[in-house]
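Given next are the chains, with one letter for each unit.
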Amino acid sequence: MRTKKQDGLLIITPNSELNASTIAKAAMQLQRALQKADDSSAVLLDLRETVSYDSATLKLLLAARGSCQKLGLGLRLHTSEAGKKFLTLLRLQRDMSITMQEADV
């Protein structure tokens, strides 16, 4: 996971495509990345480079949501149009309290 801090956000971007063979490593990298957050930070998970949205993406979103809740951090999400459709189809935006971020950071 690539990370950077900008404007009070910890921005986390996966290094590689998410799929069944990479999700375990991605989840561990997510946990390490979240250690860089401080109490005042929100987390922006940037999935705009993700080509395919499937169960691996869902697992990463669930892991991010759970970890952010435990740390008291808000979770924002950048996605492609396909990602927006995925979230809408599964009703994840509302059910997971994910804030969609439209503007580029």
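In this text the structure is predicted, and so the values were computed from the model without any measurement.

Time to look at the overall build of the chain. A tally of helices and strands in the chain yields four helices and five strands. When its helices and strands are written in sequence order, the chain yields β-β-α-β-α-β-α-α-β. Taking all 105 residues of the chain together, 42% fall into the buried category. Residue pairs at least 24 apart in sequence account for 70% of intrachain contacts in the chain once pairs closer than 6 positions are excluded. Of the accessible surface of the chain, which amounts to about 6,000 Å², a share of 51% is contributed by carbon and sulfur atoms.

Secondary-structure assignment places Arg48 in the loop between β3 (42-46) and α2 (55-71). For Arg48 and Leu77, which are 29 residues apart along the polypeptide, the C-alpha to C-alpha distance reads 9.0 Å. A distance of 2.7 Å separates a polar atom in the side chain of Arg48 from a polar atom in the side chain of Asp46. For Arg48, the side chain forms a polar contact with the side chain of His78, separated by 3.2 Å.

Turning to the side chain of Thr13, a few remarks are in order. With respect to the secondary-structure elements, Thr13 resides in strand β2 (residues 9-13). Residue class for Thr13 comes out buried when judged on its relative accessible area of 8%. Those residues in contact with Thr13 that sit more than four places away from it in its chain are Met1, Arg2, Asp46 and Glu49.

On average, residues of the chain score 84 in pLDDT, and 86% of them are at 70 or above. Across the chain, the secondary-structure element scoring lowest on mean pLDDT is strand β5 (residues 99-100), at 60, and the one scoring highest is helix α1 (residues 23-34), at 92.

Right, let's get into the pattern of salt bridges. All told, the structure shown has two salt bridges when counted by the stated rule. Its salt-bridge partner being Arg2, residue Glu49 comes within 3.2 Å of it at the nearest N-O pair. Within this pair, whereas Glu49 is found in the loop between β3 and α2, its partner Arg2 is found in strand β1 (residues 2-6), the two being separated by 47 residues in sequence. When its relative accessible area of 56% is taken as the criterion, Glu49 is described as exposed. Looking at Arg2, the relative accessible area reads 38%, which means it is partly exposed. Taking the shortest distance from any N to any O, the salt bridge between Asp46 and Arg48 comes out at 2.7 Å.

On any regular strand, side chains alternate: one points to one face of the sheet, the next to the other face. The pairing of β3 with strand β4 (residues 75-78) spans four bridges and is parallel. Looking across to β4, one finds that Val43 is bridged to Leu75. Handedness of the crossover is the feature at issue here: the chain leaves β3, passes through α2, returns alongside β4, and the resulting connection is right-handed.

What follows is about unusual backbone geometry. One non-glycine residue, Asp7, adopts positive backbone phi at about 50 degrees. By relative accessible area, Asp7 is classed as exposed at 73%.

Rules and cut-offs
Residues numbered from 1 in each chain as written. Predicted model: local features only at pLDDT ≥ 70, side-chain atom pairs only at ≥ 80, totals over all residues. Heavy atoms only, no water. Helix = DSSP H or I, 4+ residues; strand = E, 2+ residues; numbered from the N terminus. Buried < 20%, exposed > 50% of the residue type's maximum accessible area, 1.4 Å probe, protein only. Contact = heavy atoms within 4.5 Å. Areas by Shrake-Rupley, 256 points an atom, 1.4 Å probe, with all protein chains shown as cover. Polar contact = N/O pair within 3.5 Å; in protein donor to acceptor, adjacent residues only side chain to side chain. pLDDT = per-residue confidence, 0-100. Salt bridge = Lys/Arg side-chain N within 4 Å of Asp/Glu carboxyl O. Pairing = 2+ DSSP bridges. Right-handed = clockwise from strand over helix to strand, strands pointing away.

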